[in-house]
Amino acid sequence: MAHVLVVGAGIAGDTLALLMERDGWTVTVAEIAPALRTGGQTVDLRGDSREVLERAGLLQQALDCLVPQRGAAWIDTRERRLAEMPVEAFDGRGYVSREELLRTDLARIIHEATGPGVTHRFGETVETLQDTATGVRARFRSGTTQTFDLVVGADGAHSRVRALRFGPQENYRKPLGLAHAWFTLTERPATPPLHGWFLTHNAPGRRAVEARPGHPGQQEVGLTFAADTLPPRHDRDAQFALLERTFADVGWRTAEFLAAARQADDFALDTFDQIHVPCWSTGRTVLLGDSAWCASPLSGLGTALALRGAAELAAALRAAGAPGDTARTPAALTAFEQAMRPRTTSAQQLPPGRVTSMAPKSALGIRINALAMRALQSKAARPLVRKAFAGSEHGRTDTPATEPRTTPAI
Ligand SMILES: Cc1cc2nc3c(=O)[nH]c(=O)nc-3n(C[C@H](O)[C@H](O)[C@H](O)COP(=O)(O)OP(=O)(O)OC[C@H]3O[C@@H](n4cnc5c(N)ncnc54)[C@H](O)[C@@H]3O)c2cc1C
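As annotated in an unreviewed UniProt entry, the protein chain carries the name FAD-binding monooxygenase and comes from Streptomyces venezuelae.

A. Layout of the overall build of the protein chain. A tally of helices and strands in the protein chain yields 13 helices and 18 strands. Taking the principal axes of the C-alpha coordinates as reference, the protein chain spans close to 65 × 45 × 40 Å. Looking at the protein chain residue by residue over its 410 residues, the buried ones come to 57%. Across the protein chain, contacts joining residues at least 24 apart in sequence account for 73% of those joining residues at least 6 apart. When the 47 positive and 44 negative side-chain charges of the protein chain are each reduced to one mean point, those points stand 5 Å apart.

B. How the structure looks around the site of the ligand. Taken together, 29 residues surround the ligand, and among them Glu31, Arg37, Gln41, Thr125 and Asp290 come closest. Residue aspartate 290 places a side-chain N or O atom 2.6 Å away from an oxygen atom belonging to the ligand. Protein chains bury 89% of the 920 Å² of accessible surface belonging to the ligand in isolation. Here the shell around the ligand takes three residues from helix α9 (residues 302-319), the largest share from any one element.

C. Expanded view of the pairing of strand β10 (residues 145-148). Note that strand β9 (residues 136-140) and β10 share four bridges and pair antiparallel. By the bridge assignment, alanine 138 is partnered in β10 with glutamine 146. Between β9 and β10, which follow one another and run antiparallel, lie four residues, and glycine 143 among them has a positive phi close to 105°.

D. Inspection of the packing of aromatic side chains at higher detail. Throughout the structure, instances matching the rule amount to eight aromatic pairs. For the ring pair phenylalanine 140 and phenylalanine 148, a centre distance of 6.2 Å and an interplane angle of 80° mean the geometry is edge-to-face. Like phenylalanine 140, the residue phenylalanine 148 is buried in the burial classification. Measuring from centroid to centroid gives 5.5 Å for tryptophan 252 and phenylalanine 257, while their planes differ by 80°, and the two rings are edge-to-face. Tryptophan 252 gets classed as buried once you look at its relative accessible area, which sits at 15%.

E. Broad picture of the pairing of strand β11 (residues 150-153). Both faces of β11 are covered, namely the face carrying Leu150 and Val152 and the face carrying Val151 and Gly153. With four bridges joining them, strand β1 (residues 3-7) and β11 adopt parallel strand pairing. The partner of leucine 5 across the bridge, within β11, is valine 151. Inspection of the sheet shows β11 paired to strand β18 (residues 285-287) by three bridges, in the parallel sense. Bridging across to β18, glycine 153 finds its partner in leucine 287.

F. Expanded view of the state of the cysteines. A full pass over the atoms with the stated rule returns zero disulfides. Just so you know, cysteine 279 is unpaired, no disulfide at all, and the nearest cysteine sulfur is the one on cysteine 294, 19 Å from it. Take cysteine 294: its relative accessible area is 7%, and that puts it in the buried class.

G. Spotlight on empty space enclosed by the protein. Here the structure, examined in full by the defined rule, presents four cavities of 30 Å³ or more. The calculated volume of the largest cavity comes to roughly 50 Å³. The wall of the largest cavity is formed by Trp74, Ile75, Leu82, Thr200, His201, Asn202, Ile366, Asn369 and Ala370. Elements with a contribution of two residues or more to the lining of the largest cavity: β4 (71-75), β13 (197-203) and α12 (363-376). Considered class by class, the residues forming the lining of the largest cavity number five nonpolar, four polar and no charged.

H. Spatial organisation of the confidence of the model for the protein chain. Across the protein chain, pLDDT averages 91, with 93% of residues at or above 70. In the predicted structure, residues 393-397 sits below a pLDDT of 50 and forms 25 contacts with residues beyond four places in sequence or in another chain. Predicted confidence for residues 399-410 stays below pLDDT 50, and this span has 56 contacts to residues more than four positions away or in other chains.

I. The arrangement of the sheet that holds β9 in detail. As summarised here, the arrangement of the three strands in space is β8-β9-β10, forming an open sheet in which the pairing is antiparallel. Two strands close off the open sheet at either side, each with one partner strand: β8 (126-131) and β10. Across the sheet, the mean angle from the axis of one strand to that of its neighbour is 25°, orientation sign disregarded. With five bridges connecting them, β8 and β9 associate as antiparallel partners. Residue pairing across strands places valine 126 opposite phenylalanine 140, the latter belonging to β9.

Rules behind the numbers
- Residues numbered from 1 in each chain as written.
- Predicted model: local features only at pLDDT ≥ 70, side-chain atom pairs only at ≥ 80, totals over all residues.
- Heavy atoms only, no water.
- Helix = DSSP H or I, 4+ residues; strand = E, 2+ residues; numbered from the N terminus.
- Buried < 20%, exposed > 50% of the residue type's maximum accessible area, 1.4 Å probe, protein only.
- Contact = heavy atoms within 4.5 Å.
- Lys, Arg positive; Asp, Glu negative; His and termini not counted.
- Charge placed at Lys NZ, Arg CZ, Asp CG, Glu CD.
- Near = heavy atom within 4 Å.
- Polar contact = N/O pair within 3.5 Å; in protein donor to acceptor, adjacent residues only side chain to side chain.
- Areas by Shrake-Rupley, 256 points an atom, 1.4 Å probe, with all protein chains shown as cover.
- Pairing = 2+ DSSP bridges.
- Phe/Tyr/Trp six-rings, centres within 6.5 Å; stacked < 30°, edge-to-face > 60°.
- Disulfide = S-S within 2.5 Å.
- 1 Å grid on protein atoms, 1.4 Å probe; cavity = no way out; pocket = protein on both sides within 12 Å on 5 of 7 lines; lining within 4 Å.
- Points joined across faces, edges and corners; volume = space filled by probe spheres on them.
- Nonpolar A, V, L, I, M, F, W, Y, C, P; charged D, E, K, R; others polar.
- pLDDT = per-residue confidence, 0-100.
- Axes fitted to C-alpha atoms, helices over the stretch in contact; angles between N-to-C directions.

This is the structure:
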């Protein structure tokens, strides 16, 4: 039976594993983390996400995990509202929508739907990949070697498969000038409740602190700041020291969040980058998801593109006769790219001012941002914004880590 190696058990990797198993492939998923990775903020169930999950028979499970939310609010250090956008603002289809679930839950639902035809190898990754006459020979970190009919690099923006087969990350990375730390805070009796609101506090100097509802008894926290490079990923002490220096004078609940970051088991810190790879496949190796086309969390489209990409890749392989006949696999990879490329190109075109409005430089910029949020909901602007949300809905899933795609440049 045809055998595919999927590197990375994220949304893209596990969705593909699930769909290819259903098509009759034998699937091995190599995930570098010791277990399925948890954490992340909310993902909304519109456009491509809804469609792909529905077709996979997983939509109802996702809907059962919705996070009750009341809206987004921009606040000052004393938690006074500078602006707010309730869930109802655009018929429940605005910045924060009625139908959002945590990335953790979505990843778990997809992962648990995979059957016995999928073998997950946690704590595992590839060391080398080599084309052979019949497939791709992978040497794993554990020391084993195996030949596959197809290798899929679904290992995220810092992809090792891409590095092995397409060259170093610097060739493909476009930093957007911001970095973002995120983690889950477990509420204590003294923790201020959010009452269902996603709160953002901006501070001058391009800094933003966010807290949004998570699972009951938890809050999802984000810290955004200006940076193109970060301390090494394994150096947690240097990462915390950087955050503490950067956010020392920010106020609101920032000190509480900085302390909680050190306790969180899902703490992550990364730059907001885009990945631009001119061609996603070589021979029988193909990139999928953030490894191929990361549009950055600022796009609000990472999960939608991952789900859609997995569905398109599975469909292209099916159309080419796989897994029964894998001779046309390279052609199927080209067809997949042709189908998917227009979506990713469009997602990577962030509106002007997108990055600066996420974390304005000055107190004036913060005030203008709040005014813009209010103006967007005015009677005059509402029909236009509603149209823009509808237009961007095709494929949108993640709650953007910043304002809606309609935010004016400031
Ligand atoms: C834990 C987590 C939390 C996230 N939270 C957010 C969020 O809050 N907001 C947001 O906009 N985006 C977030 N993202 C990114 C978002 O999930 C992706 O943009 C989108 O879903 C596309 O997914 P992907 O599967 O292509 O990549 P990812 O979701 O990044 O998944 C890649 C997977 O590959 C694994 N991996 C990495 N390197 C290797 C390797 N060498 N060998 C084997 N496996 C490897 C990773 O551990 C991960 O499981 C998060 C990602 C993760 C993993």
